Amino acid sequence: MNLNREGFVDLIRGWLKRFRSLLGPTNADRDMTDEMAFHLQMEVEKNLREGMSPAEARRTARLAFGGVERFKEEVRADRGIGWINAIGQDLRHTVRGIRRSPGFAAVAILTLALGIGAASTIFSVVDAVVIAPMPFEDPDRLVSIEEVNPEGSDFSASDPNYLDFRDRNQSLVSLAAFRLDRLSLTGAGEPRLVRAGAVTHSLFPTLGVGPALGRSFRPDEDQPGAPAKVVVLSFDLWQRAFGGDSAVVGRTIQLKGQEFLVIGVMPAGFRFLNAEAWLPLAPNPSADRDDHWLSMIGRLRPGATAERAQADLVRIATQNGVTYPASKGWSVRVQSLAEWAVSANVRQSALLLFAAVVVLLLMACTNVTNLLLARATARRTELSVRMALGAGQGRLIRQLLTESVVLGGLGALAGLIGVAWALGIIRGLPAGLVPRLDTVVLNGRVLGFATLAALLASLGAGVLPALQASKADVHSTLKQGGRSGSSFGQHRLREGLVIAQVALAVILLVGGGLMIRSLTRLTQVDPGFRTEYAWTVPLQLPTTQYREEWQVARFYNAVAGRIGLIPGVRSAGSINVTPFSGTNFVNDVTPEERAAEHPSAGYLQAGWRIVSPGYFESAGVQLLKGRDFGDGDIAEGVGVAMISKTLATRLWPGQDPIGKRLFWGGTDGKPRTVIGVVGDIRDVALEAEPAPVLFLTTRQIAWPEMTMVVRTDRAVPNLEDQIRRAVWAEDANLPVPTIRAMAATRAQAIAAPRFTAAILAGFAAAALLLAVVGLYGVLSFAVVERTREIGVRIALGAEPAAVVSMLVGRGLVLTGIGIGIGLIGAIGLTRLMQSLLYQTAGTDPITFVGAALVLIVVALMAGFAPASRAARVDPITALRSE
């Protein structure tokens, strides 16, 4: 059916008449019916000019104005059909709007998905590392206890001190001790090294966790002397080595060359210290109080606090200092088990990442807000017609908020898909990167956070556009044919949101830049040894088979000799501390001439390492003075030692240390003669200052657990297999774990700061992308709104370059304001992250200036495309379009 102009107007009037008869006459109906028909007619004519067929022109016009029947449904819902049906109407209208504008919906959903997904991912990490309680009974009552030496450094406890704390305290229900070890497991497939914990029988009751199979240790199994040969397995080791066979309880297995009776299996998920097996530990009351080996965990009595427990244990330590000279000046530090398990730096890093991702989420919200504002402006005719037909301000706000909430919900669903993918990557990161990182899961708390973030983000993004749109001037909009520009307030609001985006982007860019500069400087730290073409081979000899020190020394000498015969191998040596393993042995060191002044406590604390001849060459440690250990430095000969440069400076400042003598561990033994000085090493933490280190030789002190360091002069094919064959040629039952490149070991030492820097850099890149989208969107919309003005300018002789300069300049002004605000905010943020930076000031000018320059370049790029498009506007077409 074909209708002329008058017939179409009559049809519209007939619809409106029937519509009013259902609802009763309203002032809006009487005032605006004719105007609506007029504007529907104008819309049809515009569509016809664009080449549409009459039917398509009418259909498009009805869709543009929402359709009279749809208005009728919505108003009836408001007039008493019920809130459930009203919500249904809102949702249906939202779905229709998304189908009409899929591009807008896709951009909004993806933007919210980026913010909500990133925030939920980081929250899952924060939840696992910081928030989630430890998987023990009443974890808030568990405390870690460490001894503190006179210099204020934390230490493990000695055996007799632990027994004193256990028996004489008044604030703990129980106190347990443990230490970690690596043991060889044989007889269950290929020999392997397992991470074992030697624990007192009180550990599991203190933690409040019992075995899933069998039993735990009895009090009589950790008595002084020879502890019982029993073992409790972890769930993972039980599955891997024994196939989950429940009959393993009651069987004997071979650990460190001895038979142990399996008495229990711990439940799945019990990962205390990542141990794979637990053996009884029998503290020796007659042990030297200088030998600090034991870590301690206690459970507070009801009503007791960590502060009260510390005062109680300090009292015992003070009494021991009076009775035993070796304990003089020592104290105790008590902290919650959660604080001990997750260091302050790790907590601060997690919270920093969470703060950064909240900033990113705010940027996503402001971006979507700008999109909704632009969409509301484009829909001003539709919204004005709705108000003309009786829809109140609250009705429009509800409809617009429903649209933003639906977009937020879809964004959350898309974001959660990304969260599931990201958590799989996070759980696959190296063990030990961040404590408890393997417990990161998409649990109820994470889903709740994502839901709350989606709700807040969608409401936050939608409330301003809804309020602005609901205040539209109905008469002005309809009289002007729906082609009026944005109000001054809307224009300023969009620009204000862009300024906020730029400010937030500056904060993320500065934070990411500082972490990258810090990481760069950390990677440039000289550890004191060369990692290229160097390999580490950790080995553990069973003490039952290698009882004598000469047997241990002979084994390592023989293995080093066999490895040295491999083509391409330059040298091989061994050390009792694997670089960056977290292990550090410390003891007293006293120069002979000052021994009388420090008979018990020692002159200073220094790390100590036991190395074989050839180790320094293999590790690439520089010999500064004197000589290396040799075959003539035997146990029956003169005691010898080598020292690091820092230790030489501390002991004999300004003097030649070669030939001088010192005491190690106490002044009642024989002194050792210094034969050489080597460069400082950083084998515990790269970011720490070089510590004083004393080196002893395996020729005089044998150590069953050593790490072979193998250096090659080129890449050697099948090197790992050849090293294993060399070890097994000496002992076929000895487990050889993964052979690692020393470069990889060093890289793992800075894995945590690299992890933080990488995430912050990713956030900064996302912030740049959002800033580009925001600037581009505002400037593009400004071009559309100012098409007539630009056409007039060009018609009056304005050069295209002037038009480009005008629009790009406006973008630069907004960017400059945002940069100024962001730099102020960044200064506050960097004060919080200063402790995480290595040799980098929180107000590093290069980083601040670099962030500002990057955003200026981004603003130029974002503004150039719409500005160039505006400069090509045909003035006649621009004027005709109005």
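The structure reproduced in this document is the subject of the present report. (Residues numbered from 1 in each chain as written. Predicted model: local features only at pLDDT ≥ 70, side-chain atom pairs only at ≥ 80, totals over all residues. Heavy atoms only, no water.)

1. Some details on the overall build of the protein chain
Note the following rule: Secondary structure is summarised from DSSP: a helix means a run of H or I of at least four residues, a strand means a run of E of at least two, and numbering begins at the N terminus for each. Think of it in three bands: with a 1.4 Å probe and only protein chains considered, a residue is buried below 20% of the maximum accessible area for its type, exposed above 50%, and partly exposed in between. Should any heavy atoms of two residues lie within 4.5 Å, those residues are considered in contact. Only the protein chains shown count as cover for residues, with accessible areas throughout obtained via the Shrake-Rupley method and a probe of 1.4 Å.
A tally of helices and strands in the protein chain yields 27 helices and 23 strands. The 882 residues of the protein chain split such that 52% are buried. Looking at the protein chain alone, contacts between residues at least 24 apart form 81% of all its contacts between residues at least 6 apart. In the structure as shown, the protein chain presents an accessible area of about 38300 Å², 58% of it carried by carbon and sulfur atoms.

2. Structural notes on helix α22 (residues 742–749)
Cut-off, in case you're wondering: The directions considered for the arc are those from the helix axis to the C-beta atoms.
M742, T745 and R746 are the residues of α22 that are buried. The arc enclosing the buried residues of α22, seen along the axis, measures out at 100°, which places them on a common side.

3. A look at the side chain of T206
What counts is decided by this rule: Contacts described as polar in this section are N or O atom pairs within 3.5 Å, which, within protein, must combine one atom able to donate a hydrogen with one able to accept it, while residues neighboring in sequence count only if both atoms come from side chains.
With respect to the secondary-structure elements, T206 resides in helix α8 (residues 203–207). Within the structure, T206 has its side chain in polar contact with the side chain of S174 (distance 2.8 Å). Aside from chain neighbours lying at most four places away, what touches T206 is L142, S174, L175, A176, I297, G298 and R299.

4. Some words on the pattern of salt bridges
Selection criterion: Definition used for salt bridges: Asp or Glu carboxyl oxygen within 4 Å of a side-chain nitrogen of Lys or Arg.
Applying the stated criterion across every chain, the model contains 24 salt bridges. Among the salt bridges present, the one from R445 reaches D127, with a minimum N-O distance of 2.6 Å. With a gap of 318 residues between them, R445 in helix α15 (residues 444–470) and D127 in helix α6 (residues 102–131) connect regions that are remote in the sequence. When the shortest N-O distance is used, the salt bridge between D844 and R517 registers 2.7 Å. Here the residue D844 occupies a position in the loop between α25 (800–833) and α26 (845–871), and R517 occupies one in helix α17 (residues 488–523), the gap between them amounting to 327 residues. When its relative accessible area of 9% is taken as the criterion, D844 is described as buried. Taken together, the shared-partner salt bridges in this structure form one network comprising R215, R218, D220 and E221.

5. So, helix α21 (residues 719–730)
Formally: Expected span, for any helix, means 1.5 Å times one less than how many residues it has.
Helix length check: α21, at 12 residues, gives a terminal C-alpha distance of 17 Å against a target of 16 Å (1.5 Å per residue), a fit within 8%. Buried within α21 we find L719, I723, R724, A726 and V727. Projected down its long axis, α21 shows its buried positions confined to an angular sector of 160°, all on one face. Here the buried face of α21 lies against β13 (534–540), α18 (549–564), β14 (569–575) and β22 (705–712).

6. Notes on the packing of aromatic side chains
Heads up, the condition is: Working definition: a ring pair exists when centres of Phe, Tyr or Trp rings (six-membered ring for Trp) sit within 6.5 Å. Plane angles under 30 degrees give stacked, over 60 give edge-to-face, the rest tilted. A positively charged side chain is recorded as over a ring if its NZ (Lys) or CZ (Arg) lies within 6 Å of the ring centre. The angle to the ring normal must also be within 35 degrees.
Here the structure, examined in full by the defined rule, presents 23 aromatic pairs. Taking the centre distance of 5.3 Å and the plane angle of 75° together, the rings of F178 and F272 count as edge-to-face. Separated by 94 residues along the polypeptide, F178 in strand β4 (residues 172–186) and F272 in the loop between β9 (258–265) and β10 (277–280) bring together distant segments of the chain. You can call F178 buried: its relative accessible area is 4%. Both rings, one in Y615 and one in F616, keep their centres 5.7 Å apart while their planes meet at 65°; by these two values the pair is edge-to-face. Since its relative accessible area comes to 5%, F616 is described here as buried. Among the aromatic residues, ring-to-ring pairing joins F136, F178, F204, F217, F270, F272, W278 and W340 into one connected group. Seen from the ring of Y324, R289 lies directly overhead, with NZ or CZ sitting 3.6 Å from the centre.

7. Side note on the pairing of strand β8 (residues 252–255)
Stated formally: By definition, two strands form a pair when at least two bridges between them are found by DSSP.
Here β8 shows one buried face, formed by I253 and L255, and one open face, formed by T252 and Q254. As judged from the 2 bridges shared by β4 and β8, these two strands associate in the antiparallel manner. What sits directly across from L185, in β8, is L255. Where β8 meets β9, 4 bridges bridge the pair, whose relative direction is antiparallel. Each residue of the ladder has a partner; that of Q254, found in β9, is E259.

8. What to know about the pairing of β13
The buried fraction of β13 is high, at 6 of 7 residues. Note: β13 against β22, 7 bridges, orientation antiparallel. If you follow T536 over to β22, its bridge partner there is V709. Examined bridge by bridge, β13 and strand β23 (residues 740–741) share 2 bridges and lie antiparallel to one another.

9. Overview of the nonpolar core
Stated formally: Buried residues of nine kinds, namely Ala, Val, Leu, Ile, Met, Phe, Trp, Tyr and Cys, make up a nonpolar core once their side-chain atoms join them within 4.5 Å.
Ranked by size, the top nonpolar core spans 96 residues in total, and within it F616, F695, F763 and L855 carry the most contacts. Broken down by element, the residue count for this core peaks at 14 residues, all from α17. In this structure, V537, Y556, A606 and W652 belong to the second largest nonpolar core, which totals 45 residues.

10. Observations concerning unusual backbone geometry
Its identity is not glycine, yet N718 carries a phi of approximately 55°, on the positive side. Inspection of the secondary structure assignment puts N718 in the loop between β22 and α21. The exposure class of N718 is exposed, given its relative accessible area of 55%. In the Ramachandran plot, Q839 falls in the positive-phi region, its phi being about 50° despite a non-glycine side chain. Summarising the element assignment, Q839 is placed in the loop between α25 and α26.

11. Notes on the packing of α18 against α21
Stated precisely, the cut-off is as follows: Inter-axis angles, ranging from 0 to 180 degrees, are taken between N-to-C directions of lines fitted to C-alpha atoms, where helices are fitted over the stretch in contact. Crossing handedness follows the turn of the near helix against the far one: under a right angle anticlockwise gives a left-handed crossing, and clockwise gives a right-handed one. Just so you know the grouping, Ala, Val, Leu, Ile, Met, Phe, Trp, Tyr, Cys and Pro go in nonpolar, Asp, Glu, Lys and Arg go in charged, and all remaining residues, Gly too, go in polar.
Between α18 and α21, whose axes approach to 9 Å, the crossing angle comes to 145°. When you trace α18 past α21, the crossing you get is right-handed. Within the contact between the two elements, α18 uses R554, F555, A558, V559, R562 and I563 and α21 uses I723, A726, V727, A729 and E730. Residues belonging to the contact of α18 with α21 are distributed by class as follows: 8 nonpolar, no polar and 3 charged.

12. Concerning the side chain of Q605
Along the polypeptide, Q605 turns up in strand β16 (residues 604–611). In terms of polar contacts, Q605 uses its side chain to reach the side chain of D588, at 2.3 Å. Apart from the residues within four sequence positions on either side, Q605 is in contact with N149, E151, F155, V586, N587, D588 and P692.

13. Regarding a nonpolar patch on the surface
The line we're drawing: Two distance rules govern patches: like charges are joined within 9 Å, and nonpolar side chains (Val, Leu, Ile, Met, Phe, Trp, Tyr) within 5 Å, applied only to residues with over 30% relative accessible area and no salt bridge.
On the surface, a nonpolar cluster with roughly 390 Å² of combined accessible area is contributed by L812, V849, L853, I856 and L860. Sorting elements by how many residues they give to the nonpolar patch places α26 first, with 4 residues. Among the secondary structure elements, L860 is positioned in helix α26.

14. Topic: the environment of E339
For E339, the location among the structural elements is in helix α11 (residues 337–341). Classification of E339 as partly exposed rests on a relative accessible area of 42%. Separated by 195 residues in the primary sequence, E339 and S144 have C-alpha atoms spaced 8.5 Å apart.

15. Digging into the environment of A764
Considering the arrangement of structural elements, one finds A764 in helix α23 (residues 751–785). Spatially, the C-alpha atoms of A764 and L360 are 8.4 Å apart, while their sequence positions differ by 404 residues. Among all residues touching A764, those that are not within four sequence positions of it are L508 and L509.

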